[in-house]
Amino acid sequence: MKSNIWKKLFIIETILVVFASIVLFVYITKPDEGSVEDGSTAVESYYVDSNDLNVDVENSTETDSIESTKTDSDNVDNIQADIDVEEVKDKIIYMPGVTEEMSNPEYWIDIQEEPDKVLITKPQIEALNKKIVETSGCRMYDLESYSEDEAEFGIVVRQTDVKGSPTNSLMNGSDANFDDNQLAGAKVNDPVFIIGHSEDDSFYKVRTRDYEGWIRSEDVALCSNKEEWLKAWKFTEEDNFVVVTTDRLFTEDNRYTPDTSRMVLTMGTVLELVDKNDISYEEDGRAPFNSYMIYIPIRNADGSYGRAATQLPEHSGVSVGYQPLTERNIINTAFECLGDIYGWGSSLNSEDCSGYIQSIYRTFGIIMPRDTDQQELTPCKRVMLSGLGNGDRRAVLDEVPAGTALYMDGHTVMYLGVVDGNHYCINSSGSVRGASGGKLKTRTIMINSIDQTQMVSTGATWTDTFTSGIVLWEKAE
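Note that residues are indexed from 1 along each chain, following the sequence as it is written. Local features in this predicted model are restricted to residues of pLDDT 70 or higher, and side-chain atom pairs are both shown and tallied only at a pLDDT of 80 or more, whereas totals for entire chains, interfaces and linings draw on every residue. Only hydrogens and water are set aside; all other atoms, that is, all heavy atoms of the structure, feed into the side-chain values.

Asker: What's the story with the packing of aromatic side chains in this structure? I'm lost.
Answerer: Centre-to-centre distance and the angle between the planes together describe a pair of aromatic rings. Side-chain rings of Phe, Tyr and Trp, where Trp is taken by its six-membered ring, are said to pair if the distance between their centres is within 6.5 Å; with planes under 30 degrees apart they count as stacked, over 60 as edge-to-face, and otherwise as tilted. Overall, the coordinates contain 12 aromatic pairs when judged by the stated rule. For the ring pair tyrosine 107 and tryptophan 108, a centre distance of 5.0 Å and an interplane angle of 75° mean the geometry is edge-to-face. The cut-offs for exposure are 20% and 50% of the maximum accessible area for each residue type, with area from a 1.4 Å probe on protein chains only; residues under the lower value are buried, those over the upper are exposed, and the others partly exposed. Since its relative accessible area comes to 0%, tryptophan 108 is described here as buried. Ring-pair connections join several aromatic residues into one group, and the members of that group are Tyr146, Phe153, Phe193, Trp229 and Trp233. Whether a charge sits over a ring depends on NZ of Lys or CZ of Arg being within 6 Å of the ring centre and within 35 degrees of the ring normal. For arginine 262, the ring lying beneath its charged end belongs to phenylalanine 250, and the centroid distance is 4.3 Å. Over the face of the ring belonging to tyrosine 295 we find arginine 307, whose NZ or CZ atom lies 3.6 Å from the ring centre.

Asker: What is the right way to look at the layout of surface pockets in this model?
Answerer: Rolling a probe over the atoms, with the probe sized like a water molecule, indicates the empty space that remains. Cavity and pocket criteria rest on a 1 Å grid covering protein atoms alone: a 1.4 Å probe that fits but cannot get out defines a cavity, protein on both sides within 12 Å along at least 5 of 7 lines defines an open pocket, and an atom within 4 Å of a point defines a lining residue. Grid points are joined across faces, edges and corners, and a volume is the space filled by probe spheres set on the points. Looking at the largest pocket, its volume works out to about 920 Å³. Along its surface, the largest pocket is lined by 30 residues, and Asn129, Arg209, Trp233, Lys234 and Ile367 are the ones closest to its centre. Note on conventions: DSSP H or I runs of at least 4 residues are helices, E runs of at least 2 residues are strands, and numbering of each starts at the N terminus. The dominant element in the lining of the largest pocket, judged by the number of residues it contributes, is helix H3 (residues 122-134), at six residues. Looking at the lining of the largest pocket residue by residue, the class counts come to 14 nonpolar, five polar and 11 charged. Looking at the second largest pocket, it is lined by 18 residues, and the ones nearest its centre are Gln112, Glu113, Glu327, Glu399 and Pro401. Polar here means any residue outside two lists: the nonpolar Ala, Val, Leu, Ile, Met, Phe, Trp, Tyr, Cys and Pro, and the charged Asp, Glu, Lys and Arg; Gly therefore counts as polar.

Asker: Looking at this structure, I do not really get the confidence of the model for the chain. What am I missing?
Answerer: Low pLDDT marks stretches whose predicted atomic positions should not be read closely. Within a predicted model, pLDDT stands for the predictor's per-residue confidence, ranging from 0 to 100. With 78% of its residues at a pLDDT of 70 or more, the chain shows a mean pLDDT of 83. Overall, residues 23-87 carries pLDDT values under 50, and its contacts beyond four positions in sequence, including any with other chains, amount to 181 contacts. By definition, residues are in contact when any of their heavy atoms lie within 4.5 Å.

Asker: What is the right way to read the nonpolar core from this model?
Answerer: For our purposes a nonpolar core is just a set of buried Ala, Val, Leu, Ile, Met, Phe, Trp, Tyr and Cys residues, chained together by side-chain atoms within 4.5 Å. Counting residues in each nonpolar core, the largest one holds 55 residues, and the members touching the most others are Tyr361, Ile366 and Ile426. Here the element with the most residues in this core is strand E21 (residues 411-419); it accounts for five residues. If we skip the residues at most four places from it in the chain, isoleucine 366 touches Ile125, Leu128, Asn129, Ile132, Leu325, Tyr361 and Leu472. Ranked by size, the runner-up nonpolar core spans 14 residues in total, among them Tyr141, Ala151, Val157 and Cys223.

Asker: Can you help me understand the packing of helix H5 (residues 327-335) against helix H6 (residues 353-362) in this one?
Answerer: When two helices pack together, you describe them by how their axes are tilted relative to each other and by the distance separating the axes. Angular values range over 0 to 180 degrees, each being the angle between N-to-C directions of two axes fitted as lines to C-alpha atoms, with helices fitted over their stretch in contact. One can describe the packing of H5 onto H6 by two numbers: an axis separation of 10 Å at closest approach and a directional angle of 130°. Considering the angle they form, H5 stands oblique to H6. The handedness of the crossing between H5 and H6 comes out as right-handed. Side by side, H5 and H6 meet where Ile330, Thr333, Ala334 and Phe335 of the first sit next to Tyr356, Ile360 and Tyr361 of the second. We call two directions roughly parallel when the angle between them is under 35 degrees, roughly antiparallel when it is over 145, roughly perpendicular when it lies between 65 and 115, and oblique otherwise. Rotating anticlockwise by less than a right angle from the far helix to the near helix defines a left-handed crossing, while the corresponding clockwise rotation defines a right-handed one.

Asker: Would you mind showing me how to read the pairing of strand E9 (residues 203-207) here?
Answerer: In the case of a regular strand, side chains alternate between the two sheet surfaces. Most of E9 sits inside the fold, with four of its five residues counted as buried. Two strands qualify as a pair provided DSSP detects at least 2 bridges between them. Taken together, the four bridges between strand E8 (residues 191-197) and E9 define a ladder with antiparallel strand orientation. Across the sheet, residue histidine 197 finds its bridge partner in E9, namely tyrosine 204. What sits between E8 and E9 in their antiparallel hairpin is a turn of five residues, with aspartate 201 showing a positive phi close to 65°. One ladder, built from five bridges, connects E9 with strand E10 (residues 212-216); its direction is antiparallel. From the neighbouring strand, valine 206 faces E10, where its bridge partner is glycine 213.

Asker: I'm lost on the pairing of strand E20 (residues 405-408) in this one. Help?
Answerer: On E20, burial covers both faces: Ala405 and Tyr407 on one face and Leu406 and Met408 on the other are all buried. Where E20 meets E21, four bridges bridge the pair, whose relative direction is antiparallel. Following the sheet pairing, tyrosine 407 is matched in E21 by threonine 412. Turn length for the E20-E21 hairpin, with the two strands adjacent in sequence and antiparallel, is two residues, and the turn residue glycine 410 shows positive phi of about 85°. By the bridge criterion, three bridges tie E20 to strand E27 (residues 468-471) in an arrangement that is antiparallel. Bridging across to E27, leucine 406 finds its partner in glycine 469.

Asker: In this structure, what is going on with a negative patch on the surface? I would like to understand it.
Answerer: Residues enter a patch when their relative accessible area is above 30% and they make no salt bridge; the linking distance is 9 Å between like charges and 5 Å between nonpolar side chains (Val, Leu, Ile, Met, Phe, Trp, Tyr). Residue burial considers only the protein chains on display, and all accessible areas are found by Shrake-Rupley using a 1.4 Å probe. Throughout this description, the term salt bridge denotes a Lys or Arg side-chain nitrogen within 4 Å of a carboxyl oxygen of Asp or Glu. Positive charge is attributed to Lys and Arg, negative charge to Asp and Glu, and no charge count is given to His or to the chain ends. Charge placement uses NZ in Lys and CZ in Arg. For Asp and Glu, CG and CD serve respectively. Taken together, Glu113, Glu114, Asp398 and Glu399 make up a surface patch of like negative charges. Following the sequence through the fold, glutamate 399 ends up in helix H8 (residues 390-399). Using a relative accessible area of 66% as the deciding quantity, one classes glutamate 399 as exposed.

Asker: Can you help me understand the pattern of salt bridges in this one?
Answerer: Between side chains of opposite charge, a pair can form when the charged atoms approach closely. A complete count under the given rule lists 22 salt bridges for this structure. Where arginine 328 meets glutamate 106, a salt bridge forms, and the shortest distance between an N and an O atom there is 3.7 Å. Of this pair, arginine 328 sits in helix H5 while glutamate 106 sits in helix H2 (residues 105-109), placing them 222 residues apart in sequence. For arginine 328, a relative accessible area of 24% puts it in the partly exposed group.

Asker: For this particular structure, what's the right way to read empty space enclosed by the protein?
Answerer: Tallied over the full model, the rule gives three cavities of 30 Å³ or more. There is about 180 Å³ of room inside the largest cavity. Forming the boundary of the largest cavity are 17 residues, of which Gly185, Asp190, Asp210, Gln358 and Arg362 lie nearest the centre. Breaking the lining of the largest cavity down by element, the ones donating at least two residues are strand E7 (182-186) and H6. Per-class residue counts for the lining of the largest cavity are four nonpolar, six polar and seven charged. A volume near 100 Å³ is recorded for the second largest cavity. Contributing to the lining of the second largest cavity are 13 residues, with Asp247, Met267, Cys337, Ser350 and Glu351 lying nearest its centre. For the lining of the second largest cavity, the residue count by class is four nonpolar, four polar and five charged.

This is the structure in structure tokens:
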């Protein structure tokens, strides 16, 4: 009797297992809502919102805080992308009109007439940098003109933030990655001029070459005199320094040298090379084969400036000396950041729209202003777009070279070129807005067509909204 009961239970259990397996198979193989026939995932149609727009930040001479007028999309025009269906290739989502091939810099290099032509010489770059500092609207600081009697000279020892007020506390609403107190960033080995201290000495009030604000004192080393300060960052020989040409890299983990271990170096960072005659074969516990031996600035226990040698692998994304300014190098450098997170005010070891443009051109030795309003006034060739109709604007854009920085109120992009009548750019974008009105944070560096992206408030395209563009390697007319 018990045997028959167990047999019946076994049969019932088997039937239930088979039934459950069939249900599970049907559930798994059923297409998700919104999926398409080719197996790619359909995504929500969305609008580009101008939360990425980087607006001017007013300078303040107050010693306690510096007001930031960087705003989010609640206070500026929204931008709409006219999208019906997103293209999804190999699990990568692209903006409308953007194809998988366009994510390869060679795609854009191939459509340039002379991609390897050197567009500006080093003496011309030096002259341009001098003009930028002299142009009042660019809001640059001539640090070399300051004397030791005025304040202290310092060197940034790690990638850090320039704040409006001397605090590490975030000042924001609902977005943890948008700090209203964030003004800009400072890279390893950047020079600063120290004009004040916070009450607890945890922050220095500084001037960088392009901003005034507060930096954590632990991130700055104090030089004993101006001569030591200049020697730390102003290199006269083209072959005695390296420039980071990728988005970010890290020094090697090394227990022998904790001061220089696992340091982040972002695009445009400039570091001195150790002279071959001075290289120690056990400088940081290993031989320097297949590596660049570089000096990293350090802050000694008493806060004074020092430096230590360490190695960067030969395959690191660096250039010995500044890169030659060619369209190939501009495009390749810009694409090193494709897909990176949007970094408001150069936070998150990344860049916002204007910081992105600035960092790219810094690898060529051009020191641009930090924010869009100031960049647009750079004393070089300016392409005027205000007042032109759509047809005339398109005709102008057909002729501008790749690498031109285009500007609208509070936003900038790098122009790539025209394909099948559509004009494209690469830019650091803050957010997008869904068709239903909800906001989706893009927070990424991406490619898009400026002809298909529209202003929500007016319906005008980016093409019809740009006010001007600048071509850094051509003289002002």
